[in-house]
Amino acid sequence: MIAIVKNTATADQLKHFVKWIEDRGFKTNVSRGENETVVGIIGDTTRIDPFLLESMDIIDQVRRVSEPFKKANRKFHPEDTVIDCGYGVLVGGGNFQVIAGPCSVEGENLMEIARAAKKAGATMLRGGAFKPRTSPYSYQGMGEKGLDLLMEAGRELEMPVVTEIMDARDIDAFVDRGVNVMQIGARNSQNFTLLKEVGRANVPVLLKRGISGTIDELLMAAEYVMSEGNEKVMLCERGIRTFETRTRNTFDVNAIPVLHHLSHLPVIGDPSHATGYTRYVRPAAYAATAAGADGLEIEVHDRPAEAWSDGAQALTPDQFADAMRRIALIRDAICADAEEA
Ligand code: PEP
Ligand code: MN
């Protein structure tokens, strides 16, 4: 971190500032230029609040020169992380997987949806048993019964199960049943207590970007999980809230290469929540694939009009199969290109 000192500061004020920093356990490096003086602050500057420094009279500006996320940072871990989600399904480092299934687990139709998704090429099964709904009066999910149905389908089809955890008190119920991937939803992306608790479990995590979350906030959320010991984190771009109203969210395709640049963690694209409408899900899925996502999460329902949640964005099994054919073509094209380069 560097602090740029105003050229009006006296030598005494500068000395006082340097002492203030050093008293807090940091080293300093003062470089006096013709027009400004720069104080380099060396040490774990994540402990310093830059706004506090900027509020000091003699300070002009404060800039971070290293990112506050360490464990998720590609600088300290140049190779891509590959996550084993169970049943030999690997994500990251060139391993591309598609997670498919209904928004909510609703009952017996789960098995039928899962079979169709697998037939079309999905390698992981999703479904919400605990649903984060904007309204407390909307359907809240089947709870533990839903987890049982998911696990049964996952075992029968040998597909790892991805399902959302909303409350740290449910972690044992997930772990005891052998849930393969715990999803942290957009609404809980900055629920730091939950992130820390999930960080103490030894289960891969699919971490969604917050509804209005920046890329850095997503990386810091991953850091919360990783700093507790669980380094098996997949990042998920699921669209962010913008001024646009024609789609449910705005799919930030940029985030996919940006996250790859900044982090070694796998990046998953979710075109379903990113767009909110079935008609836009496939084009967004193709864009995410072409942008280098390590996988996709797509909602699929046998009868979208009757779905208990997110029916407007569900693909039917036939639409999903069509998407999978084109996704495979895009993967072939970008992978062949990467080999030539
Ligand atoms: C979901 O995956 O069904 C979901 C609720 O997603 P998000 O947290 O991204 O809104
Ligand atoms: Mn959903």
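Residues numbered from 1 in each chain as written. Chains lettered and ligands numbered in written order. Predicted model: local features only at pLDDT ≥ 70, side-chain atom pairs only at ≥ 80, totals over all residues. Heavy atoms only, no water.

## Focus: the coordination of the manganese ion (ligand 2)
Around the manganese ion (ligand 2), the protein supplies Cys103 (SG), His273 (NE2), Glu299 (OE) and Asp310 (OD) as donor atoms, at distances of 2.0 to 2.4 Å. When the donor residues of the manganese ion (ligand 2) are listed from N- to C-terminus, their spacing reads C-x169-H-x25-E-x10-D. One end of the pair, Cys103, is in the loop between strand S7 (97–101) and helix H3 (109–120); the other, Asp310, is in the loop between strand S14 (295–299) and helix H11 (317–340), with 207 residues separating them in the sequence. (Donors = N, O, S within 2.8 Å, 3.2 Å for Na, K, Ca; no water. Helix = DSSP H or I, 4+ residues; strand = E, 2+ residues; numbered from the N terminus.)

## Details of the nonpolar core
Taken as a class, soluble globular proteins show a tendency for nonpolar side chains to be buried jointly. With 69 residues, the main nonpolar core has Val198, Leu207, Ile298, Phe320 and Ile327 as its most contacted residues. Sorting elements by how many residues they give to this core places helix H7 (residues 215–227) first, with seven residues. In this structure, Ile21, Ile41, Ile48 and Ile59 belong to the second largest nonpolar core, which totals 15 residues. (Core = buried A, V, L, I, M, F, W, Y, C linked by side-chain atoms within 4.5 Å. Buried < 20%, exposed > 50% of the residue type's maximum accessible area, 1.4 Å probe, protein only.)

## Thoughts on the site of ligand 1
Within the structure, ligand 1 sits among 13 residues, and Arg126, Gln183, Ala186, Lys208 and Arg238 are positioned closest to it. Separating an oxygen atom of ligand 1 from a side-chain N or O atom of His273 is a distance of 3.1 Å. Coverage of ligand 1 by the protein chains reaches 97% of its 300 Å² of free accessible surface. Residue composition of the shell around ligand 1, grouped by class: three nonpolar, three polar and seven charged. (Near = heavy atom within 4 Å. Polar contact = N/O pair within 3.5 Å; in protein donor to acceptor, adjacent residues only side chain to side chain. Areas by Shrake-Rupley, 256 points an atom, 1.4 Å probe, with all protein chains shown as cover. Nonpolar A, V, L, I, M, F, W, Y, C, P; charged D, E, K, R; others polar.)

## Describing the packing of aromatic side chains
One pass over the structure, following the stated rule, counts four aromatic pairs. When the centroid spacing of 4.9 Å and the interplanar angle of 80° are considered together, the rings of Tyr139 and Trp308 count as edge-to-face. A residue pair is termed long-range when its members are at least 10 positions apart, and Tyr139 in the loop between strand S8 (124–126) and helix H4 (144–157) and Trp308 in the loop between S14 and H11 qualify at 169 residues. Geometry around Trp20 places Arg24 over its ring, the cationic atom sitting 3.7 Å from the centre. Above the ring of Tyr280, the side-chain terminus of Arg279 is found at 5.7 Å from the ring centroid. (Phe/Tyr/Trp six-rings, centres within 6.5 Å; stacked < 30°, edge-to-face > 60°. Lys NZ or Arg CZ within 6 Å of the ring centre and 35° of its normal.)

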